[in-house]
Amino acid sequence: MNTIFAVPVFDATVIYEGNELFKGQGAARMWAEKLAKELETPVDVRKIGTGWVLCGTVDGADCVWGIHGQRLKRIEAQ
C-alpha cells in the first residue's frame, strides 16, 4: 500500500533510484516529528543514497516514506 499524506512538503528534494527524497537531514527530521504526531508512533530518519527518508512502524509493518508530488508517500526502499 502506498499511503499519501495530504500536507504539502515544501523542501528541497533529490531523486535517488526513482524515488523523490528529502535533500537535507534537518528537513527530514522536521517532517518525521510531524508524521510521528499524526500517526502517534515514533518516526526517525535514515539516509538512502543521496537523500533522506522517514522510517517508522505502522500496524506492525515497517514503513519508509519519501515524497511524491509535494506529499509524503510510502515507498519501497532498500
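The rules we used
Numbers given for residues are sequential positions, taken from 1 along each chain in its written order. The model is predicted, so local features are restricted to residues of pLDDT at least 70 and side-chain atom pairs to those at 80 or more, both for listing and for counting; the totals for chains, interfaces and linings are taken over all residues. Values reported for side chains reflect all heavy atoms of the structure, with hydrogen atoms and water molecules removed beforehand. A helix here means a DSSP run of H or I that spans at least four residues, while a strand means a run of E at least two residues long, and both kinds are numbered starting from the N terminus. Accessible area is worked out with a 1.4 Å probe on protein chains only. A residue is then buried under 20% of its type maximum, exposed over 50%, and partly exposed in between. Note on areas: Shrake-Rupley, 1.4 Å probe, and residue coverage restricted to the protein chains presented here. What makes a nonpolar core is a set of buried Ala, Val, Leu, Ile, Met, Phe, Trp, Tyr and Cys residues whose side-chain atoms join them at distances within 4.5 Å. By convention in these notes, a salt bridge is any Lys or Arg side-chain nitrogen within 4 Å of a carboxyl oxygen on Asp or Glu.

### What about the overall build of the chain?
Moving on, step 1. Per the secondary structure count, the chain includes one helix and seven strands.
Moving on, step 2. Ordering the α and β elements of the chain from the N terminus gives β-β-β-α-β-β-β-β.
Moving on, step 3. Burial analysis of the chain (78 residues in total) assigns 38% to the buried set.
Moving on, step 4. Roughly 4700 Å² of accessible area belongs to the chain as shown, and the carbon and sulfur atoms make up 51% of that amount.

### Topic: the nonpolar core
Moving on, step 1. The biggest cluster of nonpolar side chains holds 15 residues, and the ones touching the most others in it are Phe 22, Val 43 and Leu 54.
Moving on, step 2. Secondary-structure elements contributing two or more residues to this core are α1 (25–39), β4 (43–48), β5 (51–58) and β6 (61–68).
Moving on, step 3. Among the elements that line this core, the one with the most residues is α1, at six residues.
Moving on, step 4. In this structure, Val 14, Leu 21, Cys 55 and Ile 75 belong to the second largest nonpolar core, which totals seven residues.

### Section: the pattern of salt bridges
Moving on, step 1. Per the stated rule, a full pass over the model turns up one salt bridge.
Moving on, step 2. Two residues, Arg 29 and Asp 44, come together in a salt bridge whose shortest N-O distance is 3.3 Å. Here Arg 29, found in helix α1, pairs with Asp 44, found in strand β4; they are 15 residues apart in sequence, far enough to count as distant.
Moving on, step 3. Here Arg 29 falls in the partly exposed class, since its relative accessible area comes to 38%.
Moving on, step 4. Overall, Asp 44 belongs to the partly exposed group, its relative accessible area being 44%.

Geometric values such as these leave the question of function open.
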